[in-house]
Amino acid sequence: MGNVGPIFWIFCAIAVLAISSMVLLGNYRNREALPQDVVTSSGYAIRRYWFWAVIAGSIAAFFLTIPSFPYLSAAANADAIHFPVVAQQYGFAAPPVVPLNRDVIFDVSSKDVNHGFGIYAPNGAMMSQVQAMPGYVNHLRVRFTVPGRYLIRCLEYCGIAHAAMQGGFDVR
Amino acid sequence: MSGLRVMWTYMLTGLAIFALMLLAGIGLRASQANWIAIDPGTFYSILSLHGIGMIVAMALAGLGVLWYLVRKEIPELDPRVAYMAYGFFLAGVVSVIVSVVPGKYGSLWTMLYPLPFVGAYWPSWATGAWLVGNALVMIGFMLWCAQVLGALLARYGGIRGMLAIDYVFDRRAFAEAGRTPPPPAMFAAAIVSFDGFITGTVGLVIGTALIVHWIDPSVVVNPLWAKNLTYLFGHSFANLTMYMAVAGIYVGLPLCTKREYHTSVPLAVAWWGTLLFVMIAYFHHLYMDFAQMVWMQYVGEISSYLAAVPVVVVTIYGGVMLVHRSGMRWSLGSMFLYAGMIGWVVGGAAAVLDATIPVNVDLHNTLWVPGHFHTYLLEGVLLFILGWVFVNLEQRAGAASSLPVRWLTGIGMFGGGSLFLMSFYLAGAAGVPRRYALEPAPGPYLAGLATIGALAFLAGLLVCIVEGIRLARLSKREALT
């Protein structure tokens with residue numbers, strides 16, 4: 001397994017900020033109590049800014065992340081090499097070798113139940129994933145820039161040997 | 001028959017199921033840590049039971065509180081209907097236990113079609129018992145929703161009154177007509193019963209489709225359609241448990257702070273948002289299904305973000321304003337209610353990060369996901385329920401818990417709970433998949449830490465239970481004198 005990514009630390013920062021500010025705001029016991037209307041009148045004033053900050057943050061995050069959505073990149077790549085991947089309890093039929101520094105598209109499907117096609121880099125970090133669903137083909141575009149042995153793990157619960165459902169391929 | 005008895009019946013059943021499922025969960029984590037040996041078949045059977053058991057436990061406890069609060073507003077609410085719904089819940093629980101304990105069903109409570117029928121290591125009747133058990137729970141839930149929704153619509157004059165639409169759009173005319181909007185807890189009841197009825201219907205539709213396939217395997221179901229319905233039902237039902245318990249903030253915190261939580265225009269509008277977002281946020285469960293229509297993925301991300309707005313801008317913000325400089329005394333009850341709001345924010349932040357599509361590529365179906373919903377349920381929903389229980393016990397007994405009891409409970413339930421939860425987040429961020437009976441490194445090491453954390457949580461909970469019994473006895477003595 002790989003090291004934890006920046007998301008973990010972003011989460012920790014948000015959690016620490018939320019916990020400490022709420023504890024500070026709630027635990028004003030030692031100071032004189034105020035009437036409710038005094039607290040609410042200043043609270044409502046601050047809330048207006050807080051509301052717009054949360055809305056603006058949500059919309060900004062949405063638009064900033066759209067270019068990194070994985071859905072349309074497969075269709076936009078006419079030069080990419082396609083590799084079929086078929087999942088079945090409890091293994092993957094996948095190509096043994098995948099080229100380095102080229103766009104590849106995995107055409108992922110399943111013969112029986114829902115599976116997940118999770119690619120783990122040689123350093124153990126999760127690289128990308130897509131679901132494998134019976135009756136459908138999901139196209140996952142990936143570009144490998146590091147050579148080595150990549151591991152495939154099933155990422156959707158598929159039965160008793162789910163944890164043992166693995167595969168792999170070499171990138172060179 | 002009193003509303004109070006309905007509340008305690010629902011709540012104590014929910015908490016008893018919770019305690020059993022907590023022990024099952026500790027066993028699962030200890031097994032992933034390789035401290036005890038559980039074979040994969042048994043592991044997935046217990047995991048199936050743990051998943052649905054916890055959701056039903058939280059739902060029962062929350063529905064009990066909410067039913068009691070609605071009855072206080074609407075005395076005509078008939079307890080017999082609530083007991084009938086409770087009967088369906090119990091019958092469902094028994095059927096699920098039969099499917100898992102002798103039957104060894106192990107397709108988890110997400111039961112994505114066609115998994116329960118392909119490669120099953122359990123007998124076919126166990127799948128049937130599981131599906132019927134789920135259907136019975138849904139019927140009980142829908143009965144509860146139908147009763148409460150009907151009562152609210154009758155009491156407040158239809159959907160316009162129930163959702164305070166006139167109040168929001170024309171406050172002056174509303175006030176001049178001598179009308180008052182529903183109190184905050186009734187918005188929670190309205191949204192839970194409205195969305196709950198739709199969720200229950202969807203659950204029954206997919207449940208019926210699976211039962212038909214179980215009876216006649218030649219009838220096939222579209223897997224993508226099944227996945228959408230399964231998550232619309234599963235996500236919304238689990239999400240609604242929070243909105244059931246949220247009445248604890250609206251009614252419990254004012255009791256602690258001796259302040260009032262009023263209905264306001266932002267509060268009403270916030271609940272309209274919740275009404276919508278609870279139903280469409282489930283799209284984020286299908287981000288990694290590229291065959292899904294792409295617009296649904298876009299809507300999934302933005303609605304997952306916006307679902308947080310009513311929570312952080314209105315409900316929790318209002319809760320913090322209520323406590324801030326109120327001179328509130330910290331008791332177990334007030335501590336649980338306030339800590340529950342913190343847990344809701346932290347669990348929600350983890351959810352919002354995971355609901356970001358490029359982030360979900362790395363976190364989907366890793367242990368990050370159970371990290372998020374364990375935070376939400378254990379340090380959110382459960383604390384609101386316990387907070388409500390203790391605020392009531394403290395008021396009736398006219399006494400509060402000593403400082404050492406509060407510290408012991410806090411260290412166990414918040415300290416131990418944090419260790420338990422952080423192990424999920426760390427493992428998820430390192431790419432350890434969820435639902436692995438045998439985890440790759442660093443999964444087993446972190447599962448060990450999680451087990452220690454969960455045991456500390458259990459110890460804190462035991463202190464809290466003993467204290468609860470002491471306060472209950474004290475309140476009975478108070479009532480006699």
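Before going into details, it helps to say that this report is about the structure given with it.

Cut-offs applied
Residues numbered from 1 in each chain as written. Chains lettered and ligands numbered in written order. Predicted model: local features only at pLDDT ≥ 70, side-chain atom pairs only at ≥ 80, totals over all residues. Heavy atoms only, no water. Helix = DSSP H or I, 4+ residues; strand = E, 2+ residues; numbered from the N terminus. Buried < 20%, exposed > 50% of the residue type's maximum accessible area, 1.4 Å probe, protein only. Contact = heavy atoms within 4.5 Å. Areas by Shrake-Rupley, 256 points an atom, 1.4 Å probe, with all protein chains shown as cover. Lys, Arg positive; Asp, Glu negative; His and termini not counted. Charge placed at Lys NZ, Arg CZ, Asp CG, Glu CD. Axes fitted to C-alpha atoms, helices over the stretch in contact; angles between N-to-C directions. Parallel < 35°, antiparallel > 145°, perpendicular 65-115°, else oblique. Left-handed = near helix turned anticlockwise from the far one by under 90°. Pairing = 2+ DSSP bridges. Core = buried A, V, L, I, M, F, W, Y, C linked by side-chain atoms within 4.5 Å. Buried area = accessible area lost by both parts, 1.4 Å probe. Salt bridge = Lys/Arg side-chain N within 4 Å of Asp/Glu carboxyl O. Nonpolar A, V, L, I, M, F, W, Y, C, P; charged D, E, K, R; others polar.

A short note on the overall build of chain B
Part 1 of the argument: Looking only at helices and strands, chain B features 18 helices and 0 strands.
Part 2 of the argument: The principal-axis extent of the C-alpha atoms belonging to chain B is close to 65 × 50 × 45 Å.
Part 3 of the argument: Put simply, chain B has 481 residues, and 67% of those count as buried.
Part 4 of the argument: Across chain B, the fraction of contacts at a sequence separation of at least 24, relative to all contacts at a separation of at least 6, is 82%.
Part 5 of the argument: Roughly 16300 Å² of accessible area belongs to chain B as shown, and the carbon and sulfur atoms make up 71% of that amount.
Part 6 of the argument: Of note, chain B has its 24 positive side-chain charges centred 11 Å away from the centre of its 19 negative side-chain charges.

Section: the packing of helix α8 (residues 184-215) of chain B against helix α9 (residues 223-245) of chain B
Pairs of packed helices are described in terms of their axes, by the angle between the two and the distance that separates them.
All names here are of chain B.
Part 1 of the argument: Packing of α8 against α9 leaves a shortest axis separation of 9 Å and a crossing angle of 150°. Accordingly, the angle class assigned to the pair α8 and α9 is roughly antiparallel. Here α8 and α9 pass one another in a crossing that is left-handed. Contact residues: Ala-188, Ile-191, Val-192, Asp-195, Gly-196, Thr-199, Val-202, Gly-203, Val-205, Ile-206 and Ala-209 in α8; Trp-225, Ala-226, Leu-229, Thr-230, Leu-232, Phe-233, Ser-236, Phe-237, Leu-240, Tyr-243 and Met-244 in α9.

Concerning the sheet that holds strand β9 (residues 166-171) of chain A
The strands making up a sheet are joined through hydrogen bonds of the backbone, oriented either antiparallel or parallel.
Residue and element names in this part refer to chain A.
Part 1 of the argument: Strand order in this open sheet of 5 strands is β3-β9-β8-β5-β6, and the pairing throughout is mixed. Either end of the sheet is taken by a strand with one partner, and the two such strands are β3 (97-98) and β6 (126-132).
Part 2 of the argument: By the bridge criterion, 6 bridges tie strand β8 (residues 148-153) to β9 in an arrangement that is antiparallel. Note on β9: the bridge partner recorded for Arg-149 is Asp-170.

What to know about the pairing of strand β7 (residues 138-143) of chain A
Residues and elements named next belong to chain A.
Part 1 of the argument: Residue alternation in β7 divides its side chains into a buried set, Asn-138, Leu-140 and Val-142, and an unburied set, His-139, Arg-141 and Arg-143.
Part 2 of the argument: Across 6 bridges, strand β4 (residues 103-110) lies against β7 in antiparallel orientation. Bridging from a neighbouring strand, Asp-103 pairs with Arg-143 of β7.

Focus: the nonpolar core
Part 1 of the argument: Core analysis: the biggest nonpolar cluster contains 180 residues, and B:Phe18, B:Trp144, B:Leu152 and B:Trp344 have the highest contact counts within it.
Part 2 of the argument: Of the residues forming this core, the biggest block, 17 residues, is contributed by helix α2 (residues 40-73) of chain B.
Part 3 of the argument: Those residues in contact with B:Trp144, other than ones at most four positions away along the chain, are B:Tyr10, B:Leu63, B:Leu66, B:Trp67, B:Ala85, B:Val192 and B:Ser193.
Part 4 of the argument: The next biggest cluster of nonpolar side chains, apart from the first, holds 41 residues, and it includes A:Ala87, A:Val108, A:Ile152 and A:Met165.

Some remarks on the interface of chain A and chain B
Part 1 of the argument: The interface of chain A with chain B comprises 77 residues on the first partner and 86 residues on the second.
Part 2 of the argument: Note on chain A versus chain B: buried area summed over both sides is about 6900 Å², and carbon and sulfur give 70% of it.
Part 3 of the argument: On the surface where chain A and chain B come into contact, there are 1 salt bridge.
Part 4 of the argument: With its nearest N and O atoms 3.6 Å apart, the salt bridge here joins B:Arg435 to A:Glu156.

With respect to the packing of α2(B) against helix α16 (residues 368-397) of chain B
Residues and elements named next belong to chain B.
Part 1 of the argument: Between α2 and α16, the least distance of the axes is 11 Å, while the angle of their chain directions is 35°. The handedness of the crossing between α2 and α16 comes out as left-handed. On the side of α2, the interface is formed by His-50, Ile-55, Met-58, Ala-61, Gly-62, Val-65, Tyr-68 and Leu-69, while α16 contributes His-374, Leu-377, Val-381, Leu-382, Ile-385 and Trp-388.
Part 2 of the argument: A class-by-class count of the residues in the contact of α2 with α16 yields 11 nonpolar, 3 polar and no charged.

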